[in-house]
Amino acid sequence: MAGSVHEGPEFGVGDFVLLNDITLDAFMNNLKLRYDKNKIYSFIGEVVVSVNPYKTMDIYNQSYVDQYRGREIYERPPHIFALADSAYKTMKRKSRDTCIVISGESGSGKTEASKIIMRYIAAVTNVGGRKEVERVKEVLIKSNIILEAFGNAKTNRNDNSSRFGKYMDINFDFKGDPIGGHINNYLLEKSRVVHQQHGERNFHAFYQLLSGATDPKLAEMKLARSTDKYHFVCQGGDSKCSTINDQSDYRNVMNAMKTMGFAFKHAETLWKVVAAVILLGNIEYEAQDDVHDLAMVKDRKLMSDIAGLIDVTNDDLAKALTHRVIAAGGNVVDKGLTVSEAYYARDAFAKAIYDRMFTWIVKRINEAIDPKTAGVEFVGKNTVIGVLDIYGFEIFDNNSFEQFCINYCNEKLQQLFIELVLKQEQEEYMREGIAWQHVDYFNNKVICDLVEQPHKGILAILDEACLSVGKVTDEMFLTAMSQKLSKNDRYTCRSLNPSDKTLEHKRDFRIKHYAGDVTYSVNSFIDKNKDTLFQDFKRLLYNSNDELIKMMWPEGKVSITETTRRPQTAGTSFKNSIISLVDRLATKEPHYVRCIKPNEIKSPCQFDDTRCKHQVMYLGLLENVRVRRAGFAFRAQYERFLARYKMITKYTWPNFHGSAYDGVKAIISHMRFDDDVEYGKSKIFIRSPQTLFALEEERDKFIPGIILFLQKNWRGGNARRKAKKMRAIYFIMSRFRRYKMRSYIKQIVEKFRNVRKMRDYGKSIKWPTPPKVLSGWVGELQKAHNRWRANMILQKVPQDERPALQLKCSAHSMLRGQRSEWGMRRKWEGNYLATTKDNASTIDFVTKMTSLKSHDGFNKVLFSSYCKKVNKHNQCADRAIVITDRGIYKLDPKKKYKPMRSIIPLQQVTGLTVSPDVDQLIVFKLTDGNDLVICLNSPSHEERVGEVVGIMARIWETVIHSQLQFTVSKQPTCNLGNKSRQLAIKSTAANGGPVFKKDGQVLALFWPSAT
């Protein structure tokens, strides 16, 4: 109840017990408001009221299962899951059998409610994942598919109406896992096999076969894929239904039969019986002569097809359809049937064979789900949850024997409902020591007695008429009822009330049911109660060569002359089964789902007030509310009440250290509700809904603060736990790193123990793979080893040679792999023109450089050499090139090393280009668009390009602080006079030196091949 309060006032009251006014108008207004807000479920205490939404609703997924699993029924908003969980918990906690009774008229959603309950039980059981239990759950669910195919049909009120009553017991082991079950079926509406009202269909199985079977299968069963050709399946008009897919349903039924363990040959026989019934509807008769009107079958081919389907001979079937064998005084008489009698016999045969097949299907399903044969081992007490899905109260334009039986069943269930609800209330009051107050309610026992009372009830009068000798008609039965029931104010007919012209003379009678007045037509009451099937048909089917059909008709083995006991009438058999059902339900702890149909057009957005009000009245929902509210609107155990409302007062918050009873009294006293409650032994009882609402409102004031407090503490605790974990993680990581480092260093020490004595100082040693955590540190260690190894190598190099070694390293990094020879093995002297080896007039050169040094302020000559230079006019000249730490000089050796122009600053040099061959070509890329293109030319013909590259790279690294743009190309380019020129290196005779010449479109360097 408390859970329903929290849905919000815009959704009405979730529990009708909490209504302020217990009136029909208040009840209907609340029901309509909830339906309009898509709240299809409501409570009456622990009874669920369900309104068919006529649309798919996403309120049955796993998240909803989790919300209701293990919760008390009043802790969450109204839902059928709450009732299913309550029934399951009661069964599991108390080891008591429970049952769920689902009632309501056709189209109110009873079948869907039972399937939803089954799915919920399947979802919350077998947490251990036992395969055998999963198989049992699947079998229990698959059984519905088969039963719906053969027992459900489309009616004008419901596209999937159950045309039989079903009670299923689900057996559970001591752990609460399903281990099997048992199904009881009640009064299949077999008259539908031969007749359907306009707009209705026969049982689904007929249309599934015609739509879903393959063409070869239909041909084998002598059928065509058309319902219009067969009388038994086309009487209702168009057989198509927008909410039903017969083709896929046929496949689902076949799969379900396979899962249930149906033998393939048995499944084939079931569909052959369905086909035989379809063809039987097309059997027509004609009179053999005009005198006796004896019947004969018109279409012998059709009769032969039927005989083949049920595996009997043509002659035996023809005789059974047109004759009746009677044994009298030891003599056997073969009596021919008239045309009308033959049609009656044909219809009786079709109904009986389908009814017997349905009974066998239920029996076979029970064998598959029997706990003793299901393969699940169980110990301890075997408890049961029963689910009753049975026809609802029916009032049609033409109400016959079937509606009479169905409405009698509903009377018995309503009687049980009121008695058990009152009984539960009285027992709870007695347990808790609360004084019981008498409740006025309508007791429909008088209606049940009118139907079932021995010798005086309607069924007894009907049986008497059926057992009478001679021709007894339905009119005679109506007369007998009028005589014996004339003083019963619940029964009337035209002879007892001549002024009531709504009743037809000699046909109609009316019973004042708890749900309203229903007028019945007595036509066919006697025939339907007798449920006559000639013994000839039983013998015919027993002698079938089909194993399953023979098994279905064991009574057919009785000899023609053997006297048999008169079978029990259909009405008495149904009465006994319903009484047995009621007795069985009375031994279990009941739970109720009361289903309501909101409109007749199956619309998801229409609420028919008149139609719904009628259902509320005949379901006795208002009486149920009054019984529940007779004393108290709400009751709860002390512990749960204290846990829910303890924040209201400081005396109980946050923890109350006394008994739960004292804590509850403290809360009630604080709220000053002492006059509106009673204290039981284990529960508190609250009289008015206003008190409960006031408690909830007071609780709502404190909940936000409590939530913030809990969030704050949870977040703080969570942060502290996380910080503690992080500190532990970092500590472990630190220790682990130290351990891995020590292990790795030990490994390295072992590998590099003798590197000082090795020729390459450990360069050839393969480093062990470091752990990821040390990969960065090992890289630094490898650099340190390389520096040590370099230092060891440099120790062997004289100090004055080390600058040249640095230059060679720079040159190597630039030229490695691009130029085969670059002077690495010779000694680099740098200032060659200052030596007599290259320059005979060193005095002139030194004098000039001293003058330039004082003028331009450079510190040192880094490189000097003779060279060939080319200009933008393609003119080649002998020059000397000098590279200093400030710039580059071009000198004329013939004019005592006079500078050809001012110094070229190093900042004007943008790059360097050389060729990959042995020639001494060097292109200094300059920013002014006029590159310096030279070819080194030394008297000793030494390789000096590498030395220039090393010097320039070193300058850029130490002075310019960037990397030299360096290119090695076989076809270098240059800019001369701001024009791009292509250079080519070509070989020439060895008798001359290198020279630049124009060669076509290119500027060529002719290099002596032997130089």
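This one's a predicted model, so the numbers in the text were calculated from it and none came from an experiment. (Residues numbered from 1 in each chain as written. Predicted model: local features only at pLDDT ≥ 70, side-chain atom pairs only at ≥ 80, totals over all residues. Heavy atoms only, no water.)

S.K.: Explain a nonpolar patch on the surface to me, please; I cannot follow it from the model alone.
M.R.: A contiguous nonpolar patch, built from Met726, Ile729, Tyr730 and Met733 and spanning about 350 Å² of accessible area, is present on the exposed surface. Relative to the helices and strands, Ile729 is located in helix H27 (residues 689-751). (Patch = residues over 30% accessible without salt bridge, like charges linked within 9 Å, V, L, I, M, F, W, Y side chains within 5 Å. Areas by Shrake-Rupley, 256 points an atom, 1.4 Å probe, with all protein chains shown as cover. Salt bridge = Lys/Arg side-chain N within 4 Å of Asp/Glu carboxyl O. Helix = DSSP H or I, 4+ residues; strand = E, 2+ residues; numbered from the N terminus.)

S.K.: Before we go on, may I ask you to explain the pairing of strand S27 (residues 932-936) in this structure?
M.R.: Remember that side chains alternate between the two faces of the sheet whenever the strand is regular. In terms of burial, S27 is a largely internal element, five of the five residues being buried. Alternating positions in S27 separate into two faces, Leu932, Ile934 and Leu936 on one and Val933 and Cys935 on the other, with burial throughout. Bridge analysis of strand S20 (residues 861-870) against S27 gives four bridges, and the strand direction is antiparallel. Its bridge partner being in S27, Lys868 is matched across the sheet by Cys935. Direction of pairing for strand S26 (residues 921-926) relative to S27: antiparallel, over a ladder of four bridges. Opposite Ile922, over in S27, you have Ile934 as the bridge partner. (Buried < 20%, exposed > 50% of the residue type's maximum accessible area, 1.4 Å probe, protein only. Pairing = 2+ DSSP bridges.)

S.K.: Teacher, can you tell me more about the packing of helix H25 (residues 638-645) against helix H26 (residues 660-671) here?
M.R.: Working note: a packed helix pair is described by the angle between its axes plus the distance between those axes. As a packed pair, H25 and H26 sit with axes 9 Å apart at the nearest point and diverge in direction by 45 degrees. Classed by the angle they form, the pair H25 and H26 counts as oblique. Considering only the axes of H25 and H26, their crossing is left-handed. Contacts from Tyr638, Glu639, Phe641, Leu642 and Tyr645 in H25 reach Ala660, Tyr661, Gly663, Val664, Ile667 and Ile668 in H26. (Axes fitted to C-alpha atoms, helices over the stretch in contact; angles between N-to-C directions. Parallel < 35°, antiparallel > 145°, perpendicular 65-115°, else oblique. Left-handed = near helix turned anticlockwise from the far one by under 90°. Contact = heavy atoms within 4.5 Å.)

S.K.: I would appreciate a short explanation of the side chain of Ser482 in the present structure.
M.R.: Tracing the backbone through its elements, the reader meets Ser482 in helix H18 (residues 474-484). Classification of Ser482 by relative accessible area gives buried; the value is 8%. Apart from the residues lying within four places of it in its own chain, the contact partners of Ser482 are Tyr491, Cys493, Ser495 and Leu496.

S.K.: Before we go on, may I ask you to explain the pattern of salt bridges in this structure?
M.R.: Pairing of side chains with opposite charge becomes possible as their charged atoms draw close. Counting across every chain of the model gives 46 salt bridges. Residue Asp449 pairs with Lys445 through a salt bridge whose shortest N-O separation is 3.0 Å. Separated by four residues within a single helix, Asp449 and Lys445 lie in helix H16 (residues 445-452), roughly one turn from each other. A residue is classified by how much of its surface remains accessible, and Lys445, at 41% relative accessible area, is partly exposed. Of the charged contacts in the structure, one is a salt bridge between Lys837 and Glu942, with a shortest N-O distance of 3.5 Å. A residue pair is termed long-range when its members are at least 10 positions apart, and Lys837 in the loop between helix H29 (802-815) and helix H30 (842-856) and Glu942 in the loop between S27 and helix H31 (945-960) qualify at 105 residues. Of the residues examined, Lys837 reaches a relative accessible area of 43% and is grouped as partly exposed. Through salt bridges that share partners, Arg826, Glu829, Lys837, Asp838, Glu942, Arg944 and Glu947 make up one connected network.

S.K.: Help me out: how do you make sense of the sheet that holds strand S29 (residues 973-976) in this one?
M.R.: Whether parallel or antiparallel, the strands of a sheet pair through hydrogen bonds between backbone atoms. One open sheet holds the four strands; their spatial order is S29-S30-S32-S31, and the pairing between them is mixed. Here the strands that pair on one side only, and so sit at the sheet edges, are S29 and strand S31 (995-999). Ignoring strand direction, the axes of neighbouring strands in this sheet form an average angle of 40 degrees. Two strands pair when backbone bridges link them, and S29 and strand S30 (residues 979-988) are joined in this way by four bridges, in the antiparallel orientation. Residue pairing across strands places Asn975 opposite Ser980, the latter belonging to S30.

S.K.: Would you mind going over the packing of helix H4 (residues 80-94) against helix H5 (residues 110-124) with me for this structure?
M.R.: Packing of H4 against H5 leaves a shortest axis separation of 10 Å and a crossing angle of 55 degrees. When the axes of H4 and H5 are compared, the pair comes out oblique. Both H4 and H5 take part in a crossing whose hand is right-handed. Judged by residue contacts, Ile80, Phe81, Ala84, Asp85 and Tyr88 of H4 engage Ala113, Ile116, Ile117, Tyr120 and Val124 from H5. In terms of residue class, the contact of H4 with H5 is built from nine nonpolar, no polar and one charged. (Nonpolar A, V, L, I, M, F, W, Y, C, P; charged D, E, K, R; others polar.)

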